[in-house]
Amino acid sequence: MNTAVKIAGVQFKNPIITASGTFGFGQEYDKFYDISALGGICTKGVTREPRKGNAAPRIAETPSGMLNSVGLQNPGVDVFVKEDMPFLEKKDIVTIVNIAGSCEDDYIYVAEKASETKAQMIEMNISCPNVKAGGMAFGIYPDSVKNITAKVKKVCKKPLIVKLSPNVADIATNALAAQDGGADAVSLINTVTGMAINRFTRKPILANVTGGLSGPCVKPIALRMVNEVYRRVQIPIIGLGGIMSAADVIEFMIAGATAVQVGSANIFDPMAAFNIVNELTKEMECCKISNVNDIIGSLILS
Amino acid sequence: MKDYLVRVTENKKVAEDLYELTFAPKVGKFEQMKCGQFLQLQIPGLLLRRPFCLYKFDSDSITVAYAVVGKGTEKMVKLKKGDEFKVTLPLGNGWTLQDKHKKVVLLGGGVGCAPLAYVPITYPDREYFSFLGFADKSKVAFESEMSKKCKLTVVTTDNGSYGEKGFPTQALEKRLREIQPDVILVCGPRPMLKAAARLALAYGISAYASTEERMGCGVGACLVCACAVKQADGSVAMKRACADGPIFKLEDLVL
């Protein structure tokens, strides 16, 4: 049975990658299981300077999901390269550095720094709903998606994945813009902007007022968007949004994803990504799949 | 750190809106836990786990105390003997007493008294003085458990319906010169931490508090439970309540 997939020349032993912001830089979960079992890890978003993130509370449980507003808290790219990258280099896992910023120069700076590491890929976050400047601002309009992608691609010495926001008019147009800008792949969806209210205090539960919705409640939105993008672009798609099981992985691949990211599930259960990897071959057997690559985009519409 | 499948052995009400939940591992034994450490409990029907500090421990059985405050704890009340769920433990740093900490004050508010009750088990060879605060008589708990281990146990209620009227910090201040504690360990609501911080500063006593934040993963990865902590150079850093804490030096917390 084959579970290996390839994206932009990078080989993954299985299509399961942990999503940015839900897995730190890998050390914490490596205490529960050897993270080399995973196909890949996408790091916590790193920025040019260290960031403190938003005020607390930063999380709220909502029906079948959760809202978060961490706000890109991270030690900065220099500390990441020095202190966190060496651990990941020792692991038999595809490392994807997730980069973020407030202006073009920030993205270029971090992409250059991340290019000097042994990471195999870079994922550009232009879709964070929880930071005021930059973040999602770059990811809303197709022109700006294309522009920032082209500029980062010029300095980026690794395959570049552009992470797309669902909070836009037409995600497929933005995916096309990323492709036109030179992206090697797109990942989607980032979180859906939402809000939770305490009716007794009449205040938002999150200190940041709004946050990003994730978990099983967004899965149908994500599946729909992955399929819309699959039908418009040629570059590979990494699908994410509420993946909780190997069955979910297969559904995303049928919709058009070459690989997937597991996010909130890691927060709900520290063993989640590992369990999904272990369930995958069994689930493939149930669905009569011998090679995961055979099902990519195999959705039957008639 | 390990993820355990456990089954409920007891879930009992001990005071108004206050319960004790006891569970055992389905297989094997629990890893050793120390006072002030916590666990992440999966509540059937909810996605995010909820963090609870250790109240009672042995390798075959763990008890946590919980106040009914929201959707998660309302569901926990319905847990019955034999019900199964997952628990991740041990988490967090826990309280560490130094050799010089001979006389120890345990200062607790409401359900926050529970984690303090395990301190004398982790560190048996000290003298303990406990001050436990509750809203009113119907909510008083942990008194007999504490008085077994402490030289002095004082209970206060906000309205004076049981024990001394007022806050436990006030009851402590009256006796501070007499006790002369080496350290104060605190767990309770934010206003209590603030009052305790003022006392510790005024009397020059070191104090360590257990912080409470809404948590995500509980293992240090998601950065949801950040709390502002003063650093040696005077700057303020966002620390993870779950992995860097939950115990911090009280004077370092930005309250």
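First things first, this report covers the structure right here in the doc. Every value quoted in this text rests on a predicted model; they were computed, and no experiment measured them.

Scanning chain A from terminus to terminus reveals ten helices and 16 strands. Taking 302 residues into account, the globule formula puts the C-alpha radius of gyration at 19 Å, and chain A, at 18 Å, falls close to it. Its C-alpha atoms give chain A principal-axis dimensions of roughly 50 × 50 × 40 Å. Evaluated residue by residue, chain A yields a buried proportion of 61% over its 302 residues.

On the side of chain A, 30 residues touch chain B, which itself brings 25 residues to the contact. Carbon and sulfur atoms make up 63% of the area that chain B and chain A hide from each other, which totals about 2,400 Å². The largest contributions to the chain B side of the interface with chain A come from B:L47, B:L48 and B:R214, which together make up 27% of the buried area. For the pair chain B and chain A, the interface holds four salt bridges. The salt bridge involving B:R240 is made with A:E28; its shortest N-O contact spans 3.1 Å. Summed over the shared surface of chain B and chain A, the number is nine residue pairs in polar contact (both at pLDDT 80 or more). Among the elements that take part in the side of chain B that touches chain A, strand β15 (residues 236–240) of chain B stands out by supplying three residues, more than any other. In terms of residue class, the side of chain B that touches chain A is made up of 14 nonpolar, three polar and eight charged.

Below, the discussion takes up helix α10 (residues 272–286) of chain A. Residue and element names in this part refer to chain A. The end-to-end C-alpha distance of α10, which contains 15 residues, comes to 20 Å, matching closely the 21 Å that a straight helix rising 1.5 Å per residue would cover. Most pronounced at L280, the bend in α10 amounts to some 40 degrees. Its buried side turned inward, α10 meets β3 (16–18), α8 (246–255), β16 (259–262) and α9 (264–268). K288 sits one or two positions beyond α10 and adopts a positive phi of about 55 degrees.

Turning our attention to the sheet that holds strand β16 (residues 247–249) of chain B. Residue and element names in this part refer to chain B. Spatially, the seven strands line up as an open sheet ordered β11-β10-β9-β8-β12-β13-β16, and their pairing is mixed. Whereas interior strands pair on both sides, the edge strands pair on one side only; in this sheet they are β11 (164–165) and β16. By the bridge criterion, three bridges tie strand β13 (residues 206–210) to β16 in an arrangement that is antiparallel. Bridging from a neighbouring strand, A209 pairs with F248 of β16.

Reading the values: rules and limits
- Residues numbered from 1 in each chain as written.
- Chains lettered and ligands numbered in written order.
- Predicted model: local features only at pLDDT ≥ 70, side-chain atom pairs only at ≥ 80, totals over all residues.
- Heavy atoms only, no water.
- Helix = DSSP H or I, 4+ residues; strand = E, 2+ residues; numbered from the N terminus.
- Rg over C-alpha atoms; globule rule 2.2 N^0.38 Å.
- Buried < 20%, exposed > 50% of the residue type's maximum accessible area, 1.4 Å probe, protein only.
- Contact = heavy atoms within 4.5 Å.
- Buried area = accessible area lost by both parts, 1.4 Å probe.
- Salt bridge = Lys/Arg side-chain N within 4 Å of Asp/Glu carboxyl O.
- Polar contact = N/O pair within 3.5 Å; in protein donor to acceptor, adjacent residues only side chain to side chain.
- Nonpolar A, V, L, I, M, F, W, Y, C, P; charged D, E, K, R; others polar.
- Expected span 1.5 Å × (residues − 1).
- Bend = angle between axes of the 7 residues up to and from the residue.
- Pairing = 2+ DSSP bridges.

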